[in-house]
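Spelled out, the chains give:
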Amino acid sequence: QVQLVESGGGLVQAGGSLRLSCAASGRTFSGYKMGWFRQAPGKEREFVAAITWSTGNTYYADSVKGRFTISRDNTKNTVYLQMNSLSPEDTAIYYCAAKTSGSLYGPGGYDYWGQGTQVTVSS
């Protein structure tokens, strides 16, 4: 049974940092692309960042470039999202997702999703 379990969310002041983790289990993810998405109240789910598990190639939304860093630890089967210089606009539920092919940037086509972790940034 495939599971993606996010952790690391919380409440942080503007300008602060958080590191989210996505622990993947249930299969080999070496052929997968792993994405982070977020969804704020009343808004659609949007792409944040992605990484190709095998090559480590990374992709970012313009809104987070230079502030967020996605990485993976093959030994722990875990993907991370380091978030720096957080602003209230980053407040959302953050989701981890996995897919084998196709565009990384839309939520459609992702095979597996985690349950999400709440990130709240106070001003």
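Residues numbered from 1 in each chain as written. Predicted model: local features only at pLDDT ≥ 70, side-chain atom pairs only at ≥ 80, totals over all residues. Heavy atoms only, no water.

**Looking at the overall build of the protein chain**
Helix and strand content of the protein chain: 0 helices and 11 strands. Scaling as 2.2 N^0.38, a compact globule of 123 residues should have a C-alpha radius of gyration of about 14 Å, and the protein chain matches this with 13 Å. Its C-alpha atoms give the protein chain principal-axis dimensions of roughly 40 × 30 × 25 Å. The 123 residues of the protein chain split such that 42% are buried. A separation of at least 24 residues holds for 56% of the contacts in the protein chain among residues at least 6 apart in sequence. A distance of 6 Å separates the average location of the 11 positive side-chain charges in the protein chain from that of its 8 negative side-chain charges. (Helix = DSSP H or I, 4+ residues; strand = E, 2+ residues; numbered from the N terminus. Rg over C-alpha atoms; globule rule 2.2 N^0.38 Å. Buried < 20%, exposed > 50% of the residue type's maximum accessible area, 1.4 Å probe, protein only. Contact = heavy atoms within 4.5 Å. Lys, Arg positive; Asp, Glu negative; His and termini not counted. Charge placed at Lys NZ, Arg CZ, Asp CG, Glu CD.)

**Considering the side chain of Lys-99**
Mapped onto the elements, Lys-99 comes out in strand S9 (residues 92–99). Separated by 2.5 Å, the side chain of Lys-99 and the backbone oxygen of Ser-103 make a polar contact. With sequence-adjacent residues up to four places away left out, Lys-99 is seen in contact with Tyr-32, Lys-33, Gly-108, Gly-109, Tyr-110 and Asp-111. (Polar contact = N/O pair within 3.5 Å; in protein donor to acceptor, adjacent residues only side chain to side chain.)

**Observations regarding the nonpolar core**
Judged by nonpolar contacts, the single largest core of 36 residues is most densely connected at Met-34, Trp-36, Leu-81, Met-83 and Tyr-94. For this core, the secondary structure elements donating two or more residues are strand S3 (18–25), strand S4 (33–39), strand S5 (46–52), strand S7 (68–73), strand S8 (78–83), S9 and strand S11 (117–122). In this structure Tyr-94 touches Glu-6, Leu-20, Trp-36, Phe-37, Arg-38, Val-48, Phe-68, Leu-81, Met-83, Gly-116, Thr-117 and Val-119, once residues within four positions along its chain are discounted. (Core = buried A, V, L, I, M, F, W, Y, C linked by side-chain atoms within 4.5 Å.)

**Points about the pattern of salt bridges**
Applying the stated rule across the entire model yields 4 salt bridges. A salt bridge links Arg-38 to Asp-90, with the nearest nitrogen and oxygen atoms 2.9 Å apart. Here Asp-90 lies in the loop between S8 and S9 and Arg-38 lies in strand S4, a separation of 52 residues in the sequence. Asp-90 shares its class with Arg-38; the two are buried. A salt bridge links Asp-90 to Arg-67; the nearest nitrogen and oxygen atoms lie 2.8 Å apart. Of this pair, Asp-90 sits in the loop between S8 and S9 while Arg-67 sits in the loop between strand S6 (58–60) and S7, and the two are 23 residues apart along the sequence. (Salt bridge = Lys/Arg side-chain N within 4 Å of Asp/Glu carboxyl O.)

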